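One-letter residues, chain by chain:
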Amino acid sequence: MTKPLVAVLSGAGISTDSGIPDYRGPQGLWRRDPEAEKLVTYEYYMGDPEIRRRSWQMRRKNRTLSAEPNAAHRAVAELERSGVPVRVITQNVDGLHQLAGLSARKVIELHGTARAVVCTKCGTRGSMADALARVEAGEEDPPCPECGGILKSATVMFGERLDSRVLGEALAVAKACTVFLAVGSSLRVQPAAGLVGVAADHGARLVIVNAEPTPYDELADEVVREPIGTALPRLLRELAAAERRPRSEEG
Ligand code: ZN
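As the structure is a prediction and not an experimental result, all values here were calculated from the model. (Residues numbered from 1 in each chain as written. Predicted model: local features only at pLDDT ≥ 70, side-chain atom pairs only at ≥ 80, totals over all residues. Heavy atoms only, no water.)

A. Structural view of the packing of aromatic side chains. If you walk through the whole model with that rule in mind, you get zero aromatic pairs. The positively charged end of lysine 38 is found above the aromatic ring belonging to tyrosine 44, 5.3 Å away from the centroid. Over the face of the ring belonging to tryptophan 56 we find arginine 59, whose NZ or CZ atom lies 4.3 Å from the ring centre. (Phe/Tyr/Trp six-rings, centres within 6.5 Å; stacked < 30°, edge-to-face > 60°. Lys NZ or Arg CZ within 6 Å of the ring centre and 35° of its normal.)

Right, dumping it as structure tokens:
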């Protein structure tokens, strides 16, 4: 018998305890500052060298790369170690699930990763740390080492489409999972919002952990408002314990 699959959809709220503010959400820092939003909007970035210079300076100062995973990230990694099949679908680009010890292949990054760069011309990828070292060394807008093309963060910028393969994987997980936990997401942005509906339509038990109400609270089997750093470890311990119980003990 196949073990039940636990899907965790994580949004900005799971990384708040790691000191990373909400950048891209509807109320996020970028959306509230038109000048900052330009730095992460594909059209402006590609069309204006000055925007790129400022964007690299912003990346240098970004706290995302030096952040550490918190108790919630560690709890998800712990769930995997306990043998429960788990997949994470994340709206975050901080890579903290993997840093906490979760296998990279278990993480679907809807918006890409801030820890890598990609060439907009030839698609070559490299590490953000290496690119930032070049900025530190004086290159204001470091080009692709392979073809000289424009390098960007390997995140999905505003005005860019989500990777259809990534989206397909996320949909497959939403359809297949038996439990779907939406954690720290406003669930007001696609595709995250749609994935919740898909999971519920396919019979998953839906648990929402978020400080603020979401449009899916009515649909949820359980809504948890307590802080994610304590709520998620508790919920996942309970799930793991239920897994270890013999079937005969179940209601
Ligand atoms: Zn290139």
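Continuing now.
B. Quick peek at the sheet that holds strand β9 (residues 222–224). The six strands are arranged β3-β2-β1-β7-β8-β9 in an open sheet whose pairing can be described as parallel. Strands with a single pairing partner mark the edges of an open sheet, and in this sheet they are β3 (107–109) and β9. Across the sheet, the axes of successive neighbouring strands diverge by a mean angle of 15°, strand direction being ignored. Taken together, the five bridges between strand β1 (residues 6–10) and strand β2 (residues 86–90) define a ladder with parallel strand orientation. Along β2, the bridge assignment pairs valine 6 with valine 86. (Pairing = 2+ DSSP bridges. Helix = DSSP H or I, 4+ residues; strand = E, 2+ residues; numbered from the N terminus. Axes fitted to C-alpha atoms, helices over the stretch in contact; angles between N-to-C directions.)

C. Structural view of the sheet that holds strand β4 (residues 112–119). Pairing is antiparallel across the open sheet formed by three strands, whose spatial order is β5-β4-β6. Of all the strands in the sheet, the pair left with one neighbour each is β5 (125–127) and β6 (151–155). Looking at each pair of strands side by side, their axes are set apart by 45° on average, direction ignored.

D. Broad picture of the packing of helix α7 (residues 164–176) against helix α8 (residues 192–201). As a packed pair, α7 and α8 sit with axes 7 Å apart at the nearest point and diverge in direction by 35°. Crossing of α7 over α8 shows right-handed handedness. On the side of α7, the interface is formed by Ala170, Leu171, Ala174 and Lys175, while α8 contributes Leu195, Val198 and Ala199. When its residues are assigned to classes, the contact of α7 with α8 shows six nonpolar, no polar and one charged. (Left-handed = near helix turned anticlockwise from the far one by under 90°. Contact = heavy atoms within 4.5 Å. Nonpolar A, V, L, I, M, F, W, Y, C, P; charged D, E, K, R; others polar.)

E. Region of the structure containing the pattern of salt bridges. If you walk through the whole model with that rule in mind, you get 16 salt bridges. When the shortest N-O distance is used, the salt bridge between glutamate 136 and arginine 60 registers 2.7 Å. You can see glutamate 136 sitting in helix α6 (residues 128–136) and its partner arginine 60 sitting in helix α3 (residues 49–61), a full 76 residues away along the chain. Three or more residues joined by partner-sharing salt bridges are found here, namely Glu35, Lys38 and Arg54. (Salt bridge = Lys/Arg side-chain N within 4 Å of Asp/Glu carboxyl O.)

F. Structural context of the pairing of β4. Within β4, seven of the eight residues are buried, which leaves the element mostly enclosed by the surrounding structure. Looking at chain direction, β4 and β6 are connected through five bridges and run antiparallel. For valine 118, the partnering residue across the bridge sits in β6 and is lysine 152. Pairing analysis gives three bridges linking β4 to β5, with the strands arranged antiparallel. Within the sheet, the bridge partner assigned to valine 118 lies in β5 and is arginine 125. Counted between consecutive antiparallel strands, the loop separating β4 from β5 contains five residues, among which glycine 123 sits at a positive phi close to 80°. (Buried < 20%, exposed > 50% of the residue type's maximum accessible area, 1.4 Å probe, protein only.)

G. The arrangement of the coordination of the zinc ion in detail. Protein-derived ligands of the zinc ion are Cys119 (SG), Cys122 (SG), Cys144 (SG) and Cys147 (SG), with the metal-ligand distances lying across 2.3 to 2.4 Å. The coordination sphere of the zinc ion comprises four donor atoms, whose angles at the metal cover 102 to 114°; the geometry is tetrahedral. Within one chain, the residues serving as donors to the zinc ion are arranged as C-x2-C-x21-C-x2-C. Looking at cysteine 122, the relative accessible area reads 40%, which means it is partly exposed. (Donors = N, O, S within 2.8 Å, 3.2 Å for Na, K, Ca; no water. Tetrahedral: all angles 85-135°; square planar, octahedral: opposite > 155°, others 65-115°.)

H. Spotlight on α3. Over its 13 residues, α3 extends 19 Å from the first C-alpha to the last, a length consistent with the 18 Å expected when each residue adds 1.5 Å. Every buried residue belonging to α3 is among Ile51, Arg52, Ser55, Trp56 and Arg59, and all of these are buried. In an axial view of α3, the angular spread of the buried residues amounts to 135°, which keeps them on one side of the axis. In this structure, the buried residues of α3 make contact with α1 (34–39), α2 (42–47), β4, α6 and β6. With a side-chain oxygen positioned 2.9 Å from the backbone nitrogen of glutamate 50, the residue opening α3 is aspartate 48. (Expected span 1.5 Å × (residues − 1). Arc of directions from axis to C-beta. Polar contact = N/O pair within 3.5 Å; in protein donor to acceptor, adjacent residues only side chain to side chain.)

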